[in-house]
Amino acid sequence: IVALAFPHNPAGNWYQQFLPFPTGGQVRDICFVDSLLGFAVSDSSILKTTNSGDNWTVKQTGYYIFNRIIFLNTNTGFASGGNNTLLKTINSGENWTPISLPSFFPFDMSVVSQDSIWLVNTNGLTGGVFRTTNGGASWQQQLNLGSQNPNHIYFYNKDTGYTAESSLYRTTNSGLNW
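Reading the values: the criteria
Residues numbered from 1 in each chain as written. Predicted model: local features only at pLDDT ≥ 70, side-chain atom pairs only at ≥ 80, totals over all residues. Heavy atoms only, no water. Helix = DSSP H or I, 4+ residues; strand = E, 2+ residues; numbered from the N terminus. Buried < 20%, exposed > 50% of the residue type's maximum accessible area, 1.4 Å probe, protein only. Phe/Tyr/Trp six-rings, centres within 6.5 Å; stacked < 30°, edge-to-face > 60°. Pairing = 2+ DSSP bridges. Axes fitted to C-alpha atoms, helices over the stretch in contact; angles between N-to-C directions. Core = buried A, V, L, I, M, F, W, Y, C linked by side-chain atoms within 4.5 Å. Contact = heavy atoms within 4.5 Å.

Trainee: Describe the environment of Leu-37, listing the residues and the values that go with them.
Mentor: Among the structural elements, Leu-37 can be located in the loop between strand S3 (27-32) and strand S4 (38-42). The exposure class assigned to Leu-37 is buried, which follows from its relative accessible area of 10%. Sequence separation between Leu-37 and Gly-127 is 90 residues, and the spatial gap between their C-alpha atoms is 34 Å.

Trainee: Tell me about the packing of aromatic side chains, and name the residues and values.
Mentor: Within this structure, the stated rule accounts for 7 aromatic pairs. Between the aromatic rings of Phe-105 and Phe-107, the centroid separation amounts to 5.1 Å while the plane-to-plane angle is 50 degrees, which identifies the pairing as tilted. Put simply, the rings of Phe-39, Phe-71 and Trp-96 touch in pairs and so form one group of aromatic residues.

Trainee: Explain unusual backbone geometry residue by residue, including any values.
Mentor: With phi around 65 degrees, Ser-52 is a residue other than glycine that occupies positive phi space. The residue Ser-92 is not glycine, and still its phi comes out positive at about 60 degrees. Look at Ser-92 and you get buried, because its relative accessible area is 11%.

Trainee: Before we move on, could you go through the sheet that holds strand S5 (residues 45-49) and cite the residues and values that matter?
Mentor: Strands sit in the order S3-S4-S5-S6 across an open sheet of 4 strands; the sheet is antiparallel. Each edge of the open sheet carries a strand with a single partner, namely S3 and strand S6 (57-61). Adjacent strand axes in the sheet meet at a mean angle of 20 degrees when their direction is disregarded. Here 4 bridges tie S4 to S5, and the two strands are oriented antiparallel to one another. Considered in S5, the bridge of Val-41 is made with Ile-46.

Trainee: Would you mind going over the nonpolar core in detail, with residue names and values included?
Mentor: Counting residues in each nonpolar core, the largest one holds 12 residues, listed as Ile-70, Phe-78, Leu-86, Ile-99, Leu-101, Phe-104, Met-109, Val-111, Ile-117, Leu-119, Phe-130 and Trp-139. Elements that contribute at least two residues to this core include exactly strand S11 (108-111) and strand S12 (117-121). With residues near it in sequence (within four places) discarded, Trp-139 still touches Leu-86, Ile-99, Ser-100, Leu-101, Pro-102, Ile-117, Leu-119, Phe-130, Arg-131 and Thr-132. Leu-37, Val-41, Phe-71 and Leu-87 belong to the second largest nonpolar core, which has 11 residues in total.

Trainee: Please provide a residue-by-residue account of the sheet that holds strand S15 (residues 152-155), values included.
Mentor: Here 3 strands make up an open sheet; going across it, the order is S15-S16-S17 and the pairing antiparallel. Of all the strands in the sheet, just S15 and strand S17 (168-171) have a single pairing partner and so form its edges. For this sheet, the mean angle separating the axes of adjacent strands, direction not counted, is 15 degrees. Summarising the sheet, S15 and strand S16 (residues 161-164) pair through 4 bridges and their orientation is antiparallel.

Spelled out as structure tokens, the structure:
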């Protein structure tokens, strides 16, 4: 059993959560759809809880380094990470299907809809900001800042988004200008 590290019960009713083995390293991201249904990613696993995190089950493992998980609703979610990985589920994490990507390690992801997905990669030559408007059938590079490529991205809607590394950039026209 792997546990989130809390040496004692801190104030405010926090308590330690236990994760099933193997989680494959540290927990890198969590996402809750409601007060009961949640998901987490570790270095090599996608985990699911249906009881507010009291119990977790492993839903996907592999030679991935997951770093981000986002759910649009109770059924549709995306997980991204190393080994050129972007996975999609349409049945609440029970099964995951790969989505084809350009050859890079997505550092962060923002999902606006099933069709509109944004990824960032920090590689100075081939990285930058990438988007798909057709669910991953094709990808377009929207921004490349060389050695200052971003490592975080967030889109509020299909037009307005932010990306950051050492500087913060904003677009209000779906990535045409930053």
